Amino acid sequence: MALYQIQQEILKSMQGQETDPQTLPAKTQEELSIYYSLVLSSLSSLMQNIYPLCYKILEPSWNELMIQYQNKYPSKSAVYNKLAADFHKLLAEPAVQEKYNYPNYLSELALYEWTELEIYNAPNIQATTKLTPVHQVLQFTYPLTTIVQYLKTSEDSIEEIQTTDIEEEAQISFFYRDETSLKNRSFVLTPASLFVVRAIGSGKGLEEIHKSFCEQFNLQVDIEAINQLQKDLQAANILID
């Protein structure tokens, strides 16, 4: 019997579908079910640790979502934590959103929480520009910094949190590891400040950045405003010496 056929029958069994009894006898299916329950338990614990705020909202549907996640997004990496990398993709699926009716920002919240872990686990690398080397820039549809603070401190009932959507408000987040404290930090950027950050990262000097900034945004701003932004970025340890 072809290995591929056996693998497909195992997949069906784990997805709760009817299987060929000749390929997977009842005893084998029983053993597989025990193994699968252990896999799901391990996955659930891992995901709760990585996505505590998502778990807070999704707890009533968590086990069901874990089964769907395991079936649809099997890990592509041997690194254990990478099992959790695609959770935001599952939460962004229209069918999943419709079935569970959770808040509209949840898939972006999952991406936010995953990015924090990626920054935390990122290896130390040598800086090649003035930008702190361990960083990611993400553009969100919702004000995730505000949402995260709300979820951590709100005294609203979980039922209210689970049923409350948030109005769209674009946010650009710069996630990074502070080279001084070695702690995770995030910094909210505007399109203008993102332009300056990227220009500095490409090695441009102050005068060149000022000129290209005025051209890009069709504005006449004093060069001191760009200089002050650089100082603010240095104070936040986004720019390093």
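Just above sits the structure.
What counts, and at which threshold
Residues numbered from 1 in each chain as written. Predicted model: local features only at pLDDT ≥ 70, side-chain atom pairs only at ≥ 80, totals over all residues. Heavy atoms only, no water. Salt bridge = Lys/Arg side-chain N within 4 Å of Asp/Glu carboxyl O. Helix = DSSP H or I, 4+ residues; strand = E, 2+ residues; numbered from the N terminus. Phe/Tyr/Trp six-rings, centres within 6.5 Å; stacked < 30°, edge-to-face > 60°. Buried < 20%, exposed > 50% of the residue type's maximum accessible area, 1.4 Å probe, protein only. Contact = heavy atoms within 4.5 Å. Axes fitted to C-alpha atoms, helices over the stretch in contact; angles between N-to-C directions. Left-handed = near helix turned anticlockwise from the far one by under 90°. Nonpolar A, V, L, I, M, F, W, Y, C, P; charged D, E, K, R; others polar. Pairing = 2+ DSSP bridges.

Caption draft 1: Structural context of the pattern of salt bridges. The tally for this structure, following the rule as stated, stands at five salt bridges. The partner of E64 in a salt bridge is K99, and the shortest N-O contact between them spans 2.6 Å. On the criterion of sequence distance, the pair formed by E64 in helix α4 (residues 62-72) and K99 in helix α6 (residues 94-100) is long-range, its members being 35 residues apart.

Caption draft 2: Layout of the packing of aromatic side chains. Counted under the stated rule, the structure contains 12 aromatic pairs. Between W62 and F87, the aromatic rings sit 5.7 Å apart at their centres with planes inclined by 70°, giving edge-to-face as the arrangement. Of this pair, W62 sits in helix α4 while F87 is found in helix α5 (residues 87-92), placing the two residues 25 residues apart along the sequence. Each member of the pair W62 and F87 is classed as buried. With centroids separated by 6.0 Å and ring planes inclined at 70°, the aromatic side chains of F195 and F213 adopt a geometry described as edge-to-face. Placement of F195 in helix α10 (residues 191-201) and of F213 in helix α11 (residues 206-217) is noted, with a sequence separation of 18 residues between them. By the ring-pair criterion, three or more aromatic residues cluster together here, those being Y51, Y55, W62, Y69, Y73 and F87.

Caption draft 3: Layout of α10. Listed in full, the buried residues belonging to α10 are S193, L194, V196, V197, A199, I200 and G201. Where α10 is buried, its residues touch β1 (135-140), β2 (171-177), β3 (184-189), α11 and α12 (223-235). G203 sits one or two residues past α10 and shows a positive phi near 95°.

Caption draft 4: The arrangement of the packing of α10 against α11 in detail. It is the contact of α10 with α11, at a shortest axis distance of 11 Å, that shows an interaxial angle of 140°. Seen from above, α10 lies across α11 with right-handed handedness. Residues P191, A192, F195, V196, A199 and I200 of α10 pack against I209, S212, F213, Q216 and F217 of α11. Taken together, the residues of the contact of α10 with α11 break down into nine nonpolar, two polar and no charged.

Caption draft 5: The arrangement of the pairing of β2 in detail. A large share of β2 lies buried, amounting to seven of its seven residues. On β2, burial covers both faces: Q171, S173, F175 and R177 on one face and I172, F174 and Y176 on the other are all buried. Sheet topology places β2 next to β3; six bridges connect them, and they run antiparallel. Bridge assignment links R177 to a residue of β3, and that residue is N184. Joining the antiparallel neighbours β2 and β3 is a turn of six residues, in which L182 adopts a positive phi near 65°.

Caption draft 6: Local environment of unusual backbone geometry. Phi angles above zero are rare outside glycine, and N101 is one such case at about 50°. Tracing the backbone through its elements, the reader meets N101 in the loop between α6 and α7 (106-121). The backbone phi angle of N237 is positive, close to 65°, even though this residue is not glycine. Mapping N237 onto the fold places it in the segment after α12.

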